[in-house]
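Observations on chain architecture
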Amino acid sequence: MIEGFTALYIFMLSAFTGYEVISRVPVILHTPLMSGSNFVHGIVLVGAMIALGHAEGTLELAIGFFAVALAAGNAVGGYVATVRMLEMFQIRKDRSKGATA
Amino acid sequence: MILVIDIVYFLTAAVFIIGLKQMSSPVTAHRGVVWAGIGMLVATLATFGAPDIELGSNINLWLIVVAIATGSAVAWISAKKVAMTDMPQMIAMYNGMGGGAAAAIAAVELVKLSSPETANLDHGLVVQVLAVLGAVIGSVSFSGSAVAFAKLQGLMKKTLRLPAHQLINIALFIAVCVTGYWVATGSPVSAEHLLWFFVLAVVLGVMVTLPIGGADMPVVISLFNALTGLAVAFEGFVLDNAAMIIAGTVVGSSGTLLTQLMAKAMNRPISNVLFSSFGSDGGAAAEEAIEGSMKEIQANDAAIMMAYASKVIIVPGYGMAVAQAQHKLKEMAELLEERGVTVKYAIHPVAGRMPGHMNVLLAEAGVDYDQIFDLDEINADFATADVALVIGANDVVNPVARSNPDSPIYGMPILNADKAMNTIVIKRGQGSGFSGIENHLFYADNTRMLYGDGQKAVAGLIAGIKQL
């Protein structure tokens, strides 16, 4: 499906996109953003599911299980941690809104 | 079905990029992560319809469900329960899990190539090489993040350095390269080589992270985050999965940029962080003799000092986070403001254990944005401040970074708390900071030490101000 140079093009364009998307982030959001990008690579879950899906034999199944469990941990943990951090900014915004109203 | 899945992956990749973009502004950040979360959920559900999974026996399907449930439950509970102050090590842990997952995917694919029945499912050399690269990077990120977690959680001694550590690492790296080469070119892959390859890669991750001091941890965690992204992208190539390639690469490049920003804030090149540890080579010998002594102050006196000041700058550090003193600090700042004192917060880029860590905690306490200042914005202000209140910060206000070229932190930009008319330092005890370097600020003539737990000390200050 994705072959040779097409894959390289995807790789290159994604690399520049990542760089551009982040380049103007304020310092206060560095930690939430790191946590957020940590969540985004939780998409490895999809790959882990496929790997376990076509695993054969005990060894492959065991490693695949390990992969899916870890990947799910990455995705869920990353999401909850990021949301918890960002909610703090949210609460504060609501409060200041309430104060001006 | 395959078309549907492809469309879902395509949209997921788009949503991730938009989500990350939104995460770079405080107003839209929350929306951004929720969007990305929905994308992740839909992509996961759609994957259940993938041909690889449909073709698999029922056991595989059940294993997937159980594994997702187990991993999610553990992560959900730990992420909900953890205190905000411990967030950095949790990020390290979740990141390590992602790296481990990427490495395990490679392991499944490579094990397939090692068994005689399935070895004819040749992916081709390029794919095999990419799988191996992803496996190395993922394994290093996995074990390295685990060490980072253990260090930040206080389960492990801060720095550990074997004799000739550098040489051992180089030897390990070469060994990983050699076994990796065997695995990448093997047809069929030798199971023994494969085992050694993974063991060596995991050990390499541990050995690289062991000598790195706590002050450098944010940079290291960010670097591992970028590496995990890259590993995910490589495994995406192996599995022909565009969503993984795009998301992984975007995280890889943005994470690299973030790492550079952090390393720059500490004025240390990344290579320096990785290959030399704080205070290792002659760091102790470079220690200057310190003149003067630490002078203690009582909470009431410190309260009076601040209450009659016109400008107070608060410098929070990791100690504030540990003591959960941010709410008390905000309360104290409000009392001071009622008395007409200008209160500002000065945040060093690497205060705490991660850039922006202090901002998150202060936001939790409800401190206003416009009271919080970066290093560059506020450093000139210290000269006109009556009091600089340093709470739980140490290395980021150590003037040695300016004056002593032999010091391991020399050249790191610091907050000029020593330039304020008076400096009050809230500190648990007389020990030195995370880097293990003595702080000359504490011995300066205009510095007073207020010993105690951050929260109790600030409570004492509040009581003192209320009495006036």
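Residues numbered from 1 in each chain as written. Chains lettered and ligands numbered in written order. Predicted model: local features only at pLDDT ≥ 70, side-chain atom pairs only at ≥ 80, totals over all residues. Heavy atoms only, no water.

Right, let's get into the packing of aromatic side chains. Across all of its chains, the model carries five aromatic pairs over all chains by this definition. Residues Phe11 of chain A and Phe234 of chain B carry aromatic rings whose centres are separated by 6.5 Å and whose planes lie at 15° to one another, so their mutual orientation is stacked. One end of the pair, Phe11 of chain A, is in helix H1 (residues 4–22); the other, Phe234 of chain B, is in helix H9 (residues 217–239), on a second chain. According to the relative accessible area criterion, Phe11 of chain A is partly exposed, its value standing at 24%. Take Phe234 of chain B: its relative accessible area is 12%, and that puts it in the buried class. (Phe/Tyr/Trp six-rings, centres within 6.5 Å; stacked < 30°, edge-to-face > 60°. Helix = DSSP H or I, 4+ residues; strand = E, 2+ residues; numbered from the N terminus. Buried < 20%, exposed > 50% of the residue type's maximum accessible area, 1.4 Å probe, protein only.)

Next up on the list: the confidence of the model for chain B. Residue and element names in this part refer to chain B. Of all residues in chain B, 90% attain a pLDDT of 70 or more, and the chain-wide mean is 85. Per-residue pLDDT, averaged within each element of chain B, yields its smallest value for helix H3 (residues 51–55) (71) and its largest for helix H2 (residues 29–47) (93). Per-residue pLDDT stays below 50 along residues 278–286; that stretch engages in eleven contacts with residues further than four places along the chain or on separate chains. (pLDDT = per-residue confidence, 0-100. Contact = heavy atoms within 4.5 Å.)

Take the sheet that holds strand S3 (residues 372–374) of chain B next. Residues and elements named next belong to chain B. An order of S3-S2-S1-S4-S5-S6 is seen for the six strands of this open sheet, with the pairing classed as parallel. Each edge of the open sheet carries a strand with a single partner, namely S3 and strand S6 (447–451). When the angles between neighbouring strand axes are averaged without regard to direction, this sheet yields 25°. As judged from the five bridges shared by strand S5 (residues 422–427) and S6, these two strands associate in the parallel manner. The partner of Ile426 across the bridge, within S6, is Leu450. Those strands touched by helix H12 (residues 299–307) are strand S1 (311–316), strand S4 (387–391), S5 and S6, and its axis lies near 140° from that of S5. Lying over the sheet, helix H15 (residues 357–365) contacts S1, strand S2 (342–347) and S3, oriented at roughly 145° with respect to S2. (Pairing = 2+ DSSP bridges. Axes fitted to C-alpha atoms, helices over the stretch in contact; angles between N-to-C directions.)

The next subject is a nonpolar patch on the surface. Taken together, the side chains of Leu167, Ile170, Phe173, Ile174, Val178, Tyr181 and Trp182 of chain B make up a nonpolar region of the molecular surface, amounting to roughly 740 Å² of accessible area. A relative accessible area of 48% means that Phe173 of chain B is categorised as partly exposed. (Patch = residues over 30% accessible without salt bridge, like charges linked within 9 Å, V, L, I, M, F, W, Y side chains within 5 Å. Areas by Shrake-Rupley, 256 points an atom, 1.4 Å probe, with all protein chains shown as cover. Salt bridge = Lys/Arg side-chain N within 4 Å of Asp/Glu carboxyl O.)

Before going further, it helps to spend a moment on the side chain of Asn416 of chain B. Relative to the helices and strands, Asn416 of chain B is located in the loop between helix H17 (400–403) and S5. Every residue in contact with Asn416 of chain B, bar those within four places of it in the chain, is listed here: Asn379, Phe382 and Arg402 of chain B.

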